[in-house]
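# Structural description and commentary
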Amino acid sequence: MQTHQYEVIIVGGGGAGLMAALNASRGAKTAVLSKLYPSRSHTGAAQGGIGAALGNLEEDHPEWHTYDTVKGSDYLGDQDAIEFMCNEAVEAVYDLEHFGLPFSRTPDGRIAQRPFGGHTNNVTGKPVRRSCYSADRTGHMILQTLYQQCIKNNITFYDEFQVFDVLVANGAVAGVVAVDLATGELHVFQAKAVVFATGGFGRVWEITSNAYAYTGDGVAICLRRGIPAEDMEMFQFHPTGILKLGILITEAVRGEGGVLINGEGERFMERYAPHVKDLASRDVISRAIYMEIRDGRGINGKNYLYLDARPETINKYAEADGRTRPDGTPYRVTGEEILSKIPDIADFCRTYLSVDPIKDPMPVQPTAHYAMGGIPTDVYGRVLVDDKNTILPGLYAAGECACVSVHGANRLGTNSLVDILTFGKHAGLNAAEYVKGTDFQNLPEDAAGFTMAQIDQMRNGDGTEKVAELAQEMKREMFNNVGIFRSEAGLKAAYKKIQELRERFTHIRVQDQGKIFNTELINAWELGNMLDLALVVTESALARTESRGAHAREDYPKRDDANWLKHTLAWLKDGQVTLGYKPVTITKYQPKERVY
Amino acid sequence: MQITVKIYRHIPGVDTQPRYDEYTLDVDPKERILDLLENIKGFKDGTLAFRRSCAHGVCGSDAMRINGRNRLACKVLVQDLDTDQIVIEPIIGLDVIKDLIVDMDPFFEQYRSVLPYLINDDPLPADGKERLQSQEQRARFDDTTKCILCAACTTACPPFWANRKYVGPAAIVNAHRFIFDSRDHGAEQRLSRLSEPDGVWRCRTVFNCTEACPREIKITQAIAEVKEVLASGKINYKGVQIGPERVGSG
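Residues numbered from 1 in each chain as written. Chains lettered and ligands numbered in written order. Predicted model: local features only at pLDDT ≥ 70, side-chain atom pairs only at ≥ 80, totals over all residues.

All names here are of chain A. By the assigned domains, chain A splits into domain 1 (2-45 + 140-236 + 369-436), domain 2 (50-136), domain 3 (244-367) and domain 4 (449-577). Here the C-alpha centre of domain 3 lies 34 Å away from the C-alpha centre of domain 1. Facing 9 residues of domain 1, the contacting portion of domain 3 comprises 9 residues. Of the residues in the side of domain 1 that touches domain 3, the class split is 3 nonpolar, 6 polar and no charged. (Domains from an automatic or database assignment. Contact = placed C-beta atoms within 7 Å. Nonpolar A, V, L, I, M, F, W, Y, C, P; charged D, E, K, R; others polar.)

Another aspect to go through is the packing of helix H1 (residues 15-24) of chain A against helix H12 (residues 415-436) of chain A. Residue and element names in this part refer to chain A. Where H1 contacts H12, the two axes come as close as 7 Å, and the packing angle between them is 35 degrees. Between H1 and H12 lies a crossing whose hand is right-handed. Here Gly15, Ala16, Gly17, Met19, Ala20, Ala21, Leu22, Asn23 and Ala24 of H1 lie close against H12, whose contacting residues are Leu417, Ile420, Leu421, Phe423, Gly424, Lys425, Ala427, Gly428, Leu429, Ala431 and Ala432. Here the residues of the contact of H1 with H12 are counted per class, giving 14 nonpolar, 5 polar and 1 charged. (Axes fitted to C-alpha atoms, helices over the stretch in contact; angles between N-to-C directions. Helix = DSSP H or I, 4+ residues; strand = E, 2+ residues; numbered from the N terminus. Left-handed = near helix turned anticlockwise from the far one by under 90°.)

A separate point is helix H8 (residues 282-294) of chain A. Residue and element names in this part refer to chain A. With 13 residues, H8 extends 18 Å between its outermost C-alpha atoms, agreeing within 8% with the 18 Å of an ideal straight helix rising 1.5 Å per residue. Of all 13 residues in H8, 11 are buried; the element is thus mostly enclosed. Among the residues making up H8, those that are buried are Arg282, Asp283, Val284, Ile285, Ser286, Arg287, Ala288, Ile289, Tyr290, Glu292 and Ile293. (Expected span 1.5 Å × (residues − 1). Buried ≥ 20, exposed ≤ 12 C-beta atoms within 10 Å, placed from the backbone.)

Each strand in a sheet pairs with another by means of backbone hydrogen bonds, the pair being arranged parallel or else antiparallel. Residue and element names in this part refer to chain B. Spatial ordering of the open sheet is given by E2-E1-E5-E3-E4, a layout of 5 strands whose pairing is mixed. Here the strands that pair on one side only, and so sit at the sheet edges, are strand E2 (19-26) and strand E4 (69-72). The sheet shows a mean angle of 30 degrees between the axes of neighbouring strands, taken without regard to direction. Alignment of strand E3 (residues 63-66) against E4, held across 4 bridges, turns out to be antiparallel. Bridging across to E4, Ile66 finds its partner in Arg69. (Pairing = 2+ DSSP bridges.)

Bringing helix H3 (residues 79-99) of chain A into the picture now. Residues and elements named next belong to chain A. Helix length check: H3, at 21 residues, gives a terminal C-alpha distance of 30 Å against a target of 30 Å (1.5 Å per residue), a fit within 8%. Its axis deflected by about 35 degrees at Ala89, H3 carries its strongest bend there. Judged by how many residues are buried, H3 sits mostly within the fold: 15 of 21 residues are covered. Looking one or two places after H3, you find Gly100, whose phi comes out positive at around 110 degrees. (Bend = angle between axes of the 7 residues up to and from the residue.)

Moving on to the sheet that holds strand E21 (residues 566-573) of chain A. Residue and element names in this part refer to chain A. Read from one edge to the other, the open sheet built from 3 strands follows the order E10-E21-E22, with strand pairing classed as antiparallel. Two strands in the sheet have a free side with no partner beyond their single neighbour: strand E10 (229-230) and strand E22 (576-583). Where E10 lies against E21, 2 bridges are found, and the strand directions are antiparallel. Directly across from Glu230, in E21, lies its bridge partner Leu569. Packed on one face of the sheet, helix H16 (residues 519-543) meets E10, E21 and E22 and runs near 140 degrees to E21.

Once that is clear, we can look at unusual backbone geometry. Cis geometry is found at the peptide bond from Val404(A) to Ser405(A), where omega equals 5 degrees. Relative to the helices and strands, Ser405(A) is located in the loop between strand E18 (402-403) and H12. In this model, Thr414(A) sits at a positive phi of 80 degrees, which is unusual for a non-glycine residue. Along the chain, Thr414(A) falls in the loop between E18 and H12. By the C-beta count within 10 Å, which is 29 here, Thr414(A) ends up buried. In this model, Phe207(B) sits at a positive phi of 70 degrees, which is unusual for a non-glycine residue. Here Phe207(B) lies in the loop between helix H6 (187-194) and helix H7 (208-212). A count of 14 C-beta atoms within 10 Å places Phe207(B) in the partly exposed class.

Structure (structure tokens):
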């Protein structure tokens, strides 16, 4: 077993982790531990853009971005944190440009911006061009640019190291335990501060846009060490995933004028969101799609709809909506223009569906996409361990694995990228500041003991159960009963099922008994993480007897501010979930009915 | 349909020699090759090792040789191969660590050697806003911004197979991305690296890289453009020749 010492350890090499590394390394000895090569991280899959009120094409203000985000969150987001993020967004985007990010450009050479769901001109209520983009591969450009900056700044990386555990001693962070995948060797990293930036957990569901790596490792590690998870019932289903595969088709397709069409050829979003239609919030559109399908209006009565981005369709509805370009001329597009705005989407459609998006409509269905919930933090990334916002010294989290909470019950498109940049940066800065005034904690006697115990269990079970089978059963159960719509009966059934799967998980035995790249062992451990999170999600959802944002209860269809304007905190102990709550921070915007 | 999948298996230092394991599967022709690998690993042989993450061709984890061609396993469907016999092997020119997993460190080392980051020490715009770049200037290097560092190109390149010190197509693509960016001032340093004996001149214009690229980057053309800059001493930022000095950021 090898031991290392760094002042700050960052777990995860995606956007939040790299931002944290760039900022922490200026003031502290820092290393990044990532289970993937950083350039493989899921930030790279983000497509449509990053929201910031630059106002490059029309009037816009951070205050409007703030209000839209509060409204998008269905008033569950903390308004002080949202205001902080939306103000920081502008500088974050300019920072990226200064780092060399190749944004698409306006005719006068500025960063190009496009409309996105839920982002509006607060005076007219019409969609506003706020999403700063680089074609439909904005996340790829952000990830590449940040990785490039890390190379420039000689950041230390431990690539393909899987972190299993966080060590706490004397009430403060002492380090992490990791396995080097290439050798199977255990490494203990002594650290004064640890920043989790491990991403989301969409792989819990059957249809998802998320990478295989998205198994909720950071949240699960923290839960095992007694740290709660916040608002875990709030999981976003993106309206437009490629049929069956779940691969994301960016909202930018609708930003550029694409529309959703049901089996009767109707642009049905007009009925659900008369003002912004196909650019309503994601939760609203996913529910609308679900209801269209339930009422028999799927394509040929089946469980999918069309996203239509053919130029003739775009132009027809742009004319009907009276949509104009920034110079006031009517908005009309050619196939070539559309392809230049969404080249990767066109590639995905051709590769996986044999569909050309400017000639044929794209078959889509909602896909599990984003965790609004996660490890509770403040705006400095500091992890909060109870309902009184007590800090665990040295522990930080940022990005999708964290819950600040800026997304509340529903995240607006483009805000995940704002989140990773803003809170990755501040977590890094604050971790570096914190370590200056503190000593290393002594490592516990048997630092790797808990990790070894977890590994031994997966190697030495009786082998009567198979990881792949348990995973399939979990994904199906969660998609069917803890998906877009939920009910008490469904959630109770899911809870029972997940507990059954957790019991069966103790019987698994990995076939690969080797050490070198034992990816079977890692996959098994990841399933354990997902089962823990699935349980927490289900129990949190069962308790919340209202509908808010992404959490839609068929048996409680209304939002209930009197009883539920509060954050859920969930602890996992001995296989049982305990729930607590803490208030939402309201500053300027009193909750009101949410209409698009 | 029923297919046969043969997969290269080897753990150097543990197994005495490589072998091919054969699996018969019932598959939907629309399945990805990655789906087959997941199926085999999950239900037939857990010891099989390969990398993967995004599963839709943007993360670059799963480059491998599929029926003799470098592809991403998540971007090839069974029906694309026009056969029921599928052979899957690791990419060539990087050491195998286990089965389909190769040592990527030398690849990333070559990438780092071309200084793949914006170099520009000029003061930032006084208003704190973006540097300006015309749409035309932005389009000039668009193609090479698409690289996902999967190594499909470099490990399809015969000069790289012959000499692993050759910087390789992927690193040149990433150098190109900055050399032709109107905001960058580091062309000289990068070109100096690329004019070394193991630099760009080892390219023999075989076009394997271009054929292998899952992002459809015109790699051979990008390499030719870098060679041309080295030969002429001039960078063409816009499609019109401009001198060795930088033309502002506008």
